[in-house]
Amino acid sequence: MAGMQTLDASRSEDVYMHLDERIERATDAVLCYSRLPMRQLLRYVSTNTAEMWWLSEHETPRAVAPNPTTVEDHINTNTRETTSLVILEGIDWLVRRSDESTVLSMLQVLDGLAKERGFELVLAGDSLALNPTFWARMCSLAPKIQTETSVSDRNISPHQPETTPVNESTETFDDEPQEGAVLVHLVNLPRMGFTHAVLARRMLQWKRMGFDLAALEPAMATHDMDKAHTIYSAIEQEIILAIDSLRLMEQQGSKLTVSEREMFNFRLMALNRIPEAADELLVLLSTR
């Protein structure tokens, strides 16, 4: 049915798991706007079934800047009457880089476009990372797709008081990093609804990617959630920069020696002076 729907998903991988059947049964063109770079997105979506773009500030032929106006114009240009399905991730990212009213205006335009041209538009995002009022307004415009793993069905709601003791939530970190774990940008967690349990889930996701999270231990130890969120936000920015640097190193790894790759990988995964490491990597790659 033409129009928009909202999918509550915390990871890009979950988006394509839930939408796999829709993509496969689409009779016409499918467009994906993903936070995953092309090489990772191809693990979940085939080029035979969809056109794909990377929501990124990197300047590459298949990249689209995470800006509401840019995204709106790109979808307007690339959809047509033969488009069946459009998937747009990273709503929280668009809000962060502009504001809620601008993103809502974009969604209203896209809703009209979807109905006019007869395609489905799925907006994917994590309700934990968005203001509850904005999430409610978005879901009123784009009805929520019901899934078994939706946030509303989780044991801990971001709108309810936290009851999990800190020393119990930290026990979730016994899991070892998963072999071959994919480095992905996760949705941002706002201060509203931020609890130790929410932080524990995020830390588990990052630990499974292989990051050293010693710097986040004070956030788990404090009962001042404003302070905890401040610590979390600083580490989140470092991890975002580290992932971007690791992806860049993967793309241009041939310019580096084995020792240099190992050294940068260790520094970035250990979250060791990330801004300096990222700058050094850029300088080194630009001179070769």
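All values reported here derive from a predicted model rather than from experimental measurement.

*Asks:* What is the right way to read the packing of aromatic side chains from this model?
*Replies:* Both the distance between ring centres and the angle between the ring planes are used here to describe each pair of aromatic rings. This structure, assessed with the given rule, holds three aromatic pairs. For the pair Phe 194 and Tyr 232, a centre-to-centre distance of 5.3 Å together with 40 degrees between the ring planes defines the contact as tilted. One end of the pair, Phe 194, is in the loop between α7 (166-169) and α8 (196-209); the other, Tyr 232, is in helix α10 (residues 225-251), with 38 residues separating them in the sequence. The pair Phe 194 / Tyr 232 is uniform in exposure class, with both members buried. Ring geometry for Trp 206 and Tyr 232: centres 5.7 Å apart, planes at 15 degrees, overall stacked. Taken together, the residues span a long stretch of sequence, with Trp 206 in helix α8 and Tyr 232 in helix α10 at a distance of 26 residues. Taken individually, Trp 206 and Tyr 232 each receive the classification buried, so the pair is uniform in this respect. Grouping aromatic residues by their ring pairs yields a cluster made of Phe 194, Trp 206 and Tyr 232. If you follow Arg 202 out to its NZ or CZ, it ends over the ring of Trp 206, 5.6 Å from the centre.

*Asks:* Help me understand the nonpolar core, please; the structure alone is not making it clear to me.
*Replies:* Generally speaking, soluble globular proteins have nonpolar side chains that are buried together. Of all hydrophobic cores here, the largest spans 57 residues; its most connected members are Phe 211 and Leu 216. For this core, the element with the highest residue contribution is α10, accounting for eleven residues. Beyond its immediate stretch of four places on either side in the chain, Leu 216 contacts Leu 199, Met 203, Trp 206, Ile 231, Tyr 232 and Ile 235. Core analysis: the next-biggest nonpolar cluster, separate from the first, contains 31 residues, Trp 53, Val 86, Ala 114 and Leu 123 among them.

*Asks:* How should I be thinking about the sheet that holds strand β6 (residues 120-125) in this particular structure?
*Replies:* The pairing of strands in a sheet happens through backbone hydrogen bonds and is either parallel or antiparallel. Ordered in space as β1-β6-β5-β2-β3-β4, the six strands form an open sheet in which the pairing is parallel. Either end of the sheet is taken by a strand with one partner, and the two such strands are β1 (3-8) and β4 (63-64). Pairing analysis gives five bridges linking strand β2 (residues 29-34) to strand β5 (residues 83-88), with the strands arranged parallel. Within the sheet, the bridge partner assigned to Cys 32 lies in β5 and is Ile 87. Helix α6 (residues 132-141) contacts β1 and β6 of the sheet and is inclined by roughly 140 degrees relative to β1.

*Asks:* Which parts of the structure should I look at to understand the packing of α10 against helix α12 (residues 274-286)?
*Replies:* Two numbers describe a pair of packed helices, the interaxial angle and the distance between the axes. Interaxial distance between α10 and α12 falls to 9 Å at its minimum, and their mutual angle equals 20 degrees. Viewed along their axes, α10 and α12 adopt a mutual orientation that is roughly parallel. The way α10 lies across α12 gives a crossing that is left-handed. In contact with Glu 238, Leu 241, Ala 242, Ser 245, Leu 248 and Met 249 of α10, α12 contributes Ile 274, Pro 275, Ala 278, Leu 281, Leu 282 and Leu 285.

*Asks:* Help me understand the environment of Leu 123 in this model?
*Replies:* Within the secondary structure, Leu 123 sits in strand β6. In this structure Leu 123 comes out as buried when scored by relative accessible area, which is 0%. Along the backbone, Leu 123 and Pro 143 are 20 residues apart, and their C-alpha atoms lie at a distance of 9.9 Å. Apart from residues lying up to four places away in sequence, Leu 123 is in contact with Met 4, Gln 5, Thr 6, Leu 7, Leu 88, Ile 91, Leu 107, Met 138 and Ala 142.

*Asks:* How do you make sense of the environment of Ser 98 when you look at a structure like this?
*Replies:* Looking at the element boundaries, Ser 98 is found in the loop between α4 (91-97) and α5 (100-117). Judged by its relative accessible area of 28%, Ser 98 is partly exposed. When the C-alpha positions of Ser 98 and Thr 69 are compared, they lie 9.8 Å apart, and in sequence the two are 29 residues distant. Setting aside anything within four residues of it in sequence, one finds Ser 98 in contact with Pro 68 and Val 103.

*Asks:* Just to check I follow, could you spell out the packing of α5 against α6 for this structure?
*Replies:* Their axes nearest at 11 Å, the elements α5 and α6 cross at an angle of 5 degrees. Between α5 and α6, the crossing angle belongs to the class labelled roughly parallel. In contact with Glu 100, Val 103, Leu 104, Leu 107, Gln 108 and Asp 111 of α5, α6 contributes Phe 134, Arg 137, Met 138 and Leu 141. In the contact of α5 with α6, the residues fall into six nonpolar, one polar and three charged.

*Asks:* Got a minute to help me understand the pairing of β2 in this structure?
*Replies:* One face of the sheet, then the other: side chains in a regular strand alternate in exactly this way. Within β2, six of the six residues are buried, leaving the element largely enclosed by the surrounding structure. Taking every second residue as pointing to the same face, both faces of β2 are buried, with Ala 29, Leu 31 and Tyr 33 on one and Val 30, Cys 32 and Ser 34 on the other. Direction of pairing for β2 relative to strand β3 (residues 51-55): parallel, over a ladder of four bridges. Bridge pairing in β3 places Ser 34 opposite Trp 54.

Conventions and cut-offs
- Residues numbered from 1 in each chain as written.
- Predicted model: local features only at pLDDT ≥ 70, side-chain atom pairs only at ≥ 80, totals over all residues.
- Heavy atoms only, no water.
- Phe/Tyr/Trp six-rings, centres within 6.5 Å; stacked < 30°, edge-to-face > 60°.
- Helix = DSSP H or I, 4+ residues; strand = E, 2+ residues; numbered from the N terminus.
- Buried < 20%, exposed > 50% of the residue type's maximum accessible area, 1.4 Å probe, protein only.
- Lys NZ or Arg CZ within 6 Å of the ring centre and 35° of its normal.
- Core = buried A, V, L, I, M, F, W, Y, C linked by side-chain atoms within 4.5 Å.
- Contact = heavy atoms within 4.5 Å.
- Pairing = 2+ DSSP bridges.
- Axes fitted to C-alpha atoms, helices over the stretch in contact; angles between N-to-C directions.
- Parallel < 35°, antiparallel > 145°, perpendicular 65-115°, else oblique.
- Left-handed = near helix turned anticlockwise from the far one by under 90°.
- Nonpolar A, V, L, I, M, F, W, Y, C, P; charged D, E, K, R; others polar.

Taken by themselves, the reported measurements are silent on function.
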